[in-house]
Amino acid sequence: MKLTGSEILIESLKKEGVKHIFGYPGGVVLNIFDFLYDDKDIKLILTRHEQGAVHAADGYARATGKPGVVLVTSGPGATNTVTGIATASMDSVPLVVITGQVPTMLIGNDAFQEADIVGITRPCTKHNYLVKDVKDLAVVIKEAFHIAMSGRPGPVLIDLPKDVTAGKTDFVWPEKVHLEGYKPRYEGNKWMITQAAHLIEKSKKPVIVAGGGVIISGAHKELRELAELTQIPVTTTLMGIGCFPETNRLSLGMPGMHGTYYANKSIQDSDLLIALGMRFDDRVTGKTDSFAPNASIIHIDIDPTSIRKNVRVDIPIVGDVRKVLTALNKTIKTEAKTQWAQIRKAWLKQIDAWKRERPLTYTPSDEVIKPQAVVEKIYELTKGEAIITTEVGQNQMWAAQFYKYDKPRTFISSGGLGTMGFGFPAAIGVQLAFPEKLVIDIAGDGSIQMNIQELATAVLNRLPVKVVILNNGYLGMVRQWQELFYGERYSHTSLDVVPDFVKVAEAYGAAGLKATKPSEVEDVLREGLFKIKKTVFMDFVVDWKEKVYPMVPAGAPIDHMLFEEQEARQEKKRRLKVVK
Amino acid sequence: MRHTITLLVENRFGVLSRISGLFSGRGYNIESLSVGEEIDPRYSQMTIVTSGDDLIIEQINKQLNKLVDVIKVTDVTEFEHVEREMVLIKVTPRPERKAEVLNLAEIFRGRVVDSSESTYTIEITGDEKKIEAFIGLMKPMGIKDLVRTGKVAILREGFKK
């Protein structure tokens, strides 16, 4: 039987197990939307902006490990997806984004709502397609899902001209994908793995740096086995948060620009770094020339381009982190005769001393709400059982620092691109995937306004997403840089007019709560998180002077950290000057 | 250092743009690029001449390999290979130097492919040194126009890879 392109699309999505599409209709996708109207198996979540649709699909994908699917129209619909696609691309999130396109006859004519979205998204997708013949459609969809999910995952875009969605052909679902130029490598080189095992055995002061690849490949158990077996401390990058329990003694928390003192000290002092599924981002390494100066580096990553891109590597292993770790653990268990606890004693003692010397900290207050205190309270009340999404900036760093993550896929944040406006729609996607879970977006007053329209999506779909707004009236992270490095010249970082978030929430049919005093924090959280069963905005008016510490200035070595007490000292000096 | 990289790619629209976009987006430099269909019309063969230190060349090779439409990447610089380029040069010699132009073209095994009252168009093929030498000799004769194909390269057979 012959099917139309629209039918083939939907049938193919079903073959791929798709249950939800995030999308927004428009002229050239009318055929597809018309077909979806009667469909019982696939639910389309109508967002209020195409960017929101992509972030929601992204959150869905990060929380489940399944591909997120987006369907939008041509032109502005397509261009609105770009930020979301770039966000997913930087963080290796599998998405299939389907954009409508003007009819093939009109392509290149500057037709109404025409945009060369394949050209625009070429550098920020893993791969993309323009389907010119309905006969190719099924194969393209099969390939798109395969590419999105395999190797290092990423977003794939399919551009579908309107006439292709109407054209008819026999529907033949290909069982296999045949891509000559795309064969990701999963098994690590055995010889290299043996060398790695030897290095681990010889090392006195090793550190594991675990990134997002550990979560993507599902290697958290293998990582834990390696760390506990060989007694090696683990630091998790922003993307790796949750892949190793932060409550474990071997956990060092996050490294890098806003990482912990002890993570950065350990890296700088180490004689061996075992980098797993991470790519030595500049926010992790600081100045690369002085990064881990005494360490040999074992780098395990599925993407060969990540290896030796930013730092020198002694043992490169291209492969799936989980597969490589399984082999590595096996090699260590059969070959090494080491008394691990014994040989690591001095190193772990040193690390414990660093942990005691400078834990993550802030100055509590009875007068103003400290943003860190709000995050800590969320952790305490949820017992770490929530899924946290974040926006970008100070809120993101505090959410990373002051909540302890023990499970993978429970911290969902835009790491690579650093997209403000990500957290709320992402939380909607997460909540849709896990209706029973407590999903909390930790936001700032700046970021939340970047996709605030998605309140309608959350309310309409009865998704009880909890939004905690750490409201300081500023674009806090940029303000922090201005204060520390730009002579306190606060150029355009004061938001001046911040809406009444309670009223905004209520206007959309969600609930709104507000706390202005430290004594109100717990009550508002208890009510917002547990009592109210719908979408809630919780507006916490926090200390606007608060900054994220420790901080490594951009381009400095990662052990050159600024701490809160230094700021206090400087503040004192300044006041003394004024008195004199 | 300068590297010559040959690519076997899918013969599809957009492939050239993916490759040139990769170079421009990551700040790599393309000195020359040539593309042509393979024996099997489903594929094209590309030759790219680029330059950079070892780390950059390693990244270029890996990044090219990562593209879905790229089937095979060979950095022929590391192997015995043959490189050729073709140039068409239109020269306008003064009447008394016309014979010299023809002589030089013959020495370089060039061919005159077009002539008018005042010009010769000479086709010349060779490696970079030969081409540069010929262009150098033609300069004093008056070069009116010059087009080059960019390099193509192929591995020599019978040498260990």
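Residues numbered from 1 in each chain as written. Chains lettered and ligands numbered in written order. Predicted model: local features only at pLDDT ≥ 70, side-chain atom pairs only at ≥ 80, totals over all residues. Heavy atoms only, no water.

1. Considerations on the overall build of chain B
Note the cut-off: For the purposes of this entry, the term helix denotes a DSSP run of H or I that reaches at least four residues, the term strand denotes a run of E that reaches at least two, and both are numbered from the N terminus. Residue burial is assigned from relative accessible area. The probe radius is 1.4 Å, only protein chains are included, and a residue is buried under 20% of its type maximum, exposed over 50%, and partly exposed in between.
Looking only at helices and strands, one finds four helices and nine strands in chain B. The N-to-C order of helical and strand elements in chain B reads β-α-β-β-α-β-β-α-β-β-α-β-β. Seen along its three principal axes, the alpha-carbon backbone of chain B occupies a region of about 55 × 35 × 30 Å. Split into buried and exposed, the 161 residues of chain B put 42% on the buried side.

2. Structural notes on the packing of helix 1 (residues 5-15) of chain A against helix 7 (residues 137-149) of chain A
Residues and elements named next belong to chain A. The line we're drawing: Note on geometry: axes are lines fitted to C-alpha atoms, helical ones only across the stretch in contact, with angles between N-to-C directions running from 0 to 180 degrees. Here is the rule for angles: anything less than 35 degrees is roughly parallel, anything more than 145 is roughly antiparallel, 65 through 115 is roughly perpendicular, and the remaining ranges are oblique. For any helix crossing, the convention is left-handed if the near helix is rotated counterclockwise from the far helix by under a right angle, and right-handed if that rotation is clockwise. Working rule for contacts: check all heavy atoms of both residues, and any pair within 4.5 Å makes them a contact. Side-chain classes are defined by residue name, with Ala, Val, Leu, Ile, Met, Phe, Trp, Tyr, Cys and Pro counting as nonpolar, Asp, Glu, Lys and Arg as charged, and the others, Gly among them, as polar.
The interhelical angle for the contact between helix 1 and helix 7, taken along N-to-C directions, is 30°, at an axis separation of 10 Å. It follows that helix 1 is roughly parallel to helix 7 by the angle criterion. You can see that helix 1 and helix 7 cross each other, and the crossing is right-handed. Between helix 1 and helix 7, the contacting residues are Gly5, Ile8, Leu9, Ser12 and Leu13 on the first element and Leu137, Ala138, Ile141 and Phe145 on the second. Taken together, the residues of the contact of helix 1 with helix 7 break down into seven nonpolar, two polar and no charged.

3. Focus: the pairing of strand 2 (residues 29-37) of chain B
Residue and element names in this part refer to chain B. Convention followed: Only when DSSP finds a minimum of two bridges between them are two strands counted as paired.
Where strand 2 and strand 3 (residues 43-51) come together, eight bridges link them in antiparallel fashion. Looking at strand 3, one finds that Ser32 is bridged to Val49. Between strand 2 and strand 3, which pair antiparallel in sequence order, lie five residues.

4. Observations concerning the sheet that holds strand 15 (residues 411-412) of chain A
All names here are of chain A. Reading across the sheet, the six strands line up as 15-14-16-17-19-18 and stay open at both edges, with parallel pairing between neighbours. At either end of the open sheet lies a strand with only one pairing partner, and these are strand 15 and strand 18 (511-515). Sheet topology places strand 16 (residues 439-444) next to strand 17 (residues 466-471); five bridges connect them, and they run parallel. Each bridged residue has a counterpart across the sheet, and for Ile442 the counterpart in strand 17 is Val468.

5. Quick look at the interface of chain A and chain B
It is common to report an interface's size as the accessible area lost on association of the parts. In plain terms, the rule: Values labelled buried area give the accessible surface lost by two parts on being combined, using a 1.4 Å probe and summing over both. Every case where a carboxyl oxygen of Asp or Glu lies within 4 Å of a side-chain nitrogen of Lys or Arg is listed as a salt bridge. Polar contact is the term for a pair of N or O atoms within 3.5 Å; when the atoms are in protein, one must be able to donate a hydrogen and the other to accept it, and sequence-neighboring residues count only if both atoms are side-chain atoms.
Each partner contributes residues to the interface: chain A has 18 residues there, and chain B has 18 residues. Between chain A and chain B, the buried area comes to about 1600 Å², and carbon and sulfur atoms account for 49% of it. Our count for the contact surface shared by chain A and chain B stands at two salt bridges. Linking Lys66(B) and Asp303(A) is a salt bridge whose minimum nitrogen-to-oxygen distance equals 2.7 Å. Here chain A and chain B share nine residue pairs in polar contact (both at pLDDT 80 or more) between them. In terms of residue count, strand 6 (residues 127-130) of chain A provides more of the side of chain A that touches chain B than any other element does, three residues in total.

6. Describing the packing of aromatic side chains
Worth spelling out the cut-off: Any Phe, Tyr or Trp ring, taking Trp's six-membered ring, that has another such ring centre within 6.5 Å forms a pair; planes under 30 degrees apart are called stacked, those over 60 apart edge-to-face, and the others tilted. Any Lys NZ or Arg CZ found within 6 Å of a ring centre and within 35 degrees of that ring's normal is scored as a charge over the ring.
On inspection of all chains with the given rule, the structure shows 15 aromatic pairs over all chains. Pairing Phe280(A) with Phe291(A) gives two aromatic rings, centres 5.9 Å apart and planes at 80°, and the pair type is edge-to-face. Taken together, the residues Phe280(A) in the loop between strand 11 (272-276) and helix 13 (282-285) and Phe291(A) in the loop between helix 13 and strand 12 (296-301) connect sequence positions 11 residues apart. Centroid distance Tyr362(A) to Phe402(A): 5.5 Å. Interplanar angle 85°. Geometry classified as edge-to-face. Of the two residues, Tyr362(A) sits in the loop between helix 15 (340-357) and helix 16 (371-382) while Phe402(A) sits in helix 17 (residues 394-402), which places them 40 residues apart along the sequence. A residue is classified by how much of its surface remains accessible, and Tyr362(A), at 12% relative accessible area, is buried. Given a relative accessible area of 8%, Phe402(A) falls into the buried group. Grouping aromatic residues by their ring pairs yields a cluster made of Tyr379(A), Tyr403(A), Tyr405(A) and Phe411(A). Against the face of Phe13(B) rests Lys132(A), its NZ or CZ located 4.5 Å from the ring centre.

7. A closer look at the sheet that holds strand 12 of chain A
All names here are of chain A. On the basis of which strands lie adjacent, the open sheet formed by five strands has the order 10-9-11-12-13 and parallel pairing. Edge positions in the open sheet fall to strand 10 (234-236) and strand 13 (315-318), since each of these has one partner strand only. Looking at each pair of strands side by side, their axes are set apart by 15° on average, direction ignored. Of the strand pairs in this sheet, strand 11 and strand 12 are connected by five bridges, and their pairing is parallel. Within strand 12, the position partnered with Ala275 by the bridge is His299. Seen against the sheet, helix 9 (residues 190-202) touches strand 11, strand 12 and strand 13 and runs at an angle of roughly 135° to strand 13.

8. Some thoughts on the pattern of salt bridges
Counted according to the given criterion, the structure contains 41 salt bridges over all chains. The salt bridge partner of Lys517(A) is Glu520(A), with a shortest N-O separation of 3.5 Å. Glu128(B) is the partner of Arg2(B) in a salt bridge, and the nearest nitrogen-oxygen pair spans 2.7 Å. Of this pair, Arg2(B) sits in strand 1 (residues 2-10) while Glu128(B) sits in helix 4 (residues 128-138), and the two are 126 residues apart along the sequence. Since its relative accessible area comes to 38%, Arg2(B) is described here as partly exposed. For Glu128(B), a relative accessible area of 25% corresponds to the partly exposed category.

9. Focus: unusual backbone geometry
Residue and element names in this part refer to chain A. The peptide bond linking Tyr549 to Pro550 adopts the cis configuration, its omega dihedral lying at -5°. Mapping Pro550 onto the fold places it in the loop between strand 19 (536-541) and helix 23 (564-579). A positive phi angle, near 55°, is found at Gln231, a position not held by glycine. By the secondary structure assignment, Gln231 is in the loop between helix 11 (220-230) and strand 10. Residues other than glycine seldom take positive phi values, yet Asp496 does so here, at roughly 55°. Relative to the elements of secondary structure, Asp496 occurs in the loop between helix 20 (476-485) and helix 21 (501-507).

10. What to know about the confidence of the model for chain B
Spelled out, the test is: For every residue, the predictor assigns a confidence score, pLDDT, that lies between 0 and 100.
Residue-level pLDDT values for chain B average 95, and 99% of them are 70 or greater. The ipTM, which scores confidence in the relative placement of chains, is 0.91 for this predicted complex, and the corresponding pTM is 0.95.

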